[in-house]
Amino acid sequence: QVQLEESGGGLVQAGGSLRLSCAASERSFSSMAWFRQAPGKGREFVAAIRWSDGNIYSADSVKGRFTVSRDNAKNSIYLQMNSLEPEDTAVYYCAASTRYTSSYYAIKDDRYAYWGQGTQVTVSS
């Protein structure tokens, strides 16, 4: 059974940084991504990376602040989050897909069959 395990969430002051990690139990995905869900809101795409060529897709709301990266040897992706704002407070989920991805598909959560349990990120003002 495929497992995704996130880590790295926590409480940070506005302007601070956090780094999230997501380790996959196997390497059979075409892409992996980060989504987030704030209280009372729907799930929102944050960033994704295509495994074959490292192509990256990011939401406009995080461009210039968040960076997604991968480690092939560890079957892992990371989300470096800088200049955090209170609006970034949410549960962050790692997701993986075996389907083709592109800038059009990467943002759609129904393209991802595998999800982690989520990690809480809280940004205080």
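Reading guide: rules and limits
- Residues numbered from 1 in each chain as written.
- Predicted model: local features only at pLDDT ≥ 70, side-chain atom pairs only at ≥ 80, totals over all residues.
- Heavy atoms only, no water.
- Core = buried A, V, L, I, M, F, W, Y, C linked by side-chain atoms within 4.5 Å.
- Buried < 20%, exposed > 50% of the residue type's maximum accessible area, 1.4 Å probe, protein only.
- Helix = DSSP H or I, 4+ residues; strand = E, 2+ residues; numbered from the N terminus.
- Contact = heavy atoms within 4.5 Å.
- Disulfide = S-S within 2.5 Å.
- Pairing = 2+ DSSP bridges.

*Asks:* In this structure, what is going on with the nonpolar core? I would like to understand it.
*Replies:* Where a protein is soluble and globular, its nonpolar side chains tend to be buried together. The biggest cluster of nonpolar side chains holds 37 residues, and the ones touching the most others in it are M32, W34, L79, M81 and Y92. For this core, the elements supplying multiple residues, two or more each, are β3 (18-24), β4 (31-37), β5 (43-50), β7 (66-71), β8 (76-81), β9 (90-97) and β11 (119-124). The contact partners of Y92, leaving out residues within four places of it in the chain, are E6, L20, F35, R36, V46, F66, L79, M81, G118, T119 and V121.

*Asks:* Any chance you could explain the state of the cysteines here in plain terms?
*Replies:* What makes a disulfide is a covalent bond joining the sulfur atoms belonging to two cysteines. According to the stated counting rule, one finds 1 disulfide in the structure shown. Paired by a disulfide, C22 and C94 hold their sulfur atoms 2.0 Å apart. Looking along the S-S bond of the C22-C94 disulfide, the torsion reads about -75°, which is the left-handed sense. Pair noted here: C22 is in strand β3 and C94 is in strand β9, with a separation of 72 residues, a long-range link. The two residues C22 and C94 agree in class, both being buried.

*Asks:* How do you make sense of the pairing of β3 when you look at a structure like this?
*Replies:* If a strand is regular, its side chains alternate between the two faces of the sheet. With 5 of its 7 residues buried, β3 lies for the most part within the structure. Pairing of strand β1 (residues 4-7) with β3 involves 4 bridges; the strand directions are antiparallel. By the bridge assignment for β3, L4 is matched with A24. Note that β3 and β8 share 6 bridges and pair antiparallel. Note that in β8 the partner of A23 across the bridge is S76.

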